[in-house]
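Residues per chain are reported as follows:
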Amino acid sequence: SDEENDVGSKSIALTSTSQSSKSAPEKDEAQSKSDNLKKYENSNRSSSDTPLTNRLFLRNLPFTTTEEDLRSHFENNGATKLKEVHIPMDDYQKSKGFAFLEFSSVELAKLAMEEFDGMDF
């Protein structure tokens, strides 16, 4: 369809996450864990503090986004090294439109979040 072939830029959203990228539990359980994580984060740090993890969740990515695209965008000419880039795929090996990035430190994840959150990709 036209939507699948859209290669225009989209605003990406970054979220700090400490959950693994393994298969998700049932919706109710996942929502409960998400709510608990938000409560924990809000009770233990202000919005200006460092994220709790070196992993970021990216959403609203074009379906054509590759690992190389993300590395190129986030590694800043070699200044930042990503430990892992994970782009979940559907049954047809097409991107689901989101990804997980793991940085070498929490500080680098925070800098990336501050610099790129809401930016067009």
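Quantities reported herein were computed from a predicted structural model and do not represent experimental measurements. (Residues numbered from 1 in each chain as written. Predicted model: local features only at pLDDT ≥ 70, side-chain atom pairs only at ≥ 80, totals over all residues. Heavy atoms only, no water.)

(A) Molecular detail of the confidence of the model for the protein chain. Chain-level statistics for the protein chain give a pLDDT mean of 75 and a share of 56% at 70 or above. The weakest mean pLDDT in the protein chain belongs to helix H1 (residues 27-44) at 58; the strongest belongs to strand S4 (residues 99-103) at 96. Every residue in residues 1-7 scores below 50 in pLDDT, and together they form 2 contacts with partners more than four places removed in sequence or on other chains. (pLDDT = per-residue confidence, 0-100. Helix = DSSP H or I, 4+ residues; strand = E, 2+ residues; numbered from the N terminus. Contact = heavy atoms within 4.5 Å.)

(B) Molecular detail of the environment of Arg71. Relative to the helices and strands, Arg71 resides in helix H2 (residues 67-74). For the pair Arg71 and Val85, spaced 14 residues apart in the sequence, the C-alpha separation amounts to 7.7 Å. With residues near it in sequence (within four places) discarded, Arg71 still touches Leu82, Lys83, Glu84 and Val85.

(C) Layout of the pattern of salt bridges. By the definition in use, this model includes 6 salt bridges. The shortest N-O distance in the salt bridge between Glu67 and Arg71 comes to 3.0 Å. One end of the pair, Glu67, and the other, Arg71, are both in helix H2, 4 residues apart, so they sit about a helical turn from each other. Salt-bridge contacts for Glu102 lead to Lys83; the nearest nitrogen and oxygen are separated by 3.7 Å. Of this pair, Glu102 sits in strand S4 while Lys83 sits in strand S3 (residues 82-86), and the two are 19 residues apart along the sequence. For Glu102, a relative accessible area of 15% corresponds to the buried category. Where salt bridges share partners, they join Arg55, Lys83, Glu84 and Glu102 into one cluster. (Salt bridge = Lys/Arg side-chain N within 4 Å of Asp/Glu carboxyl O. Buried < 20%, exposed > 50% of the residue type's maximum accessible area, 1.4 Å probe, protein only.)

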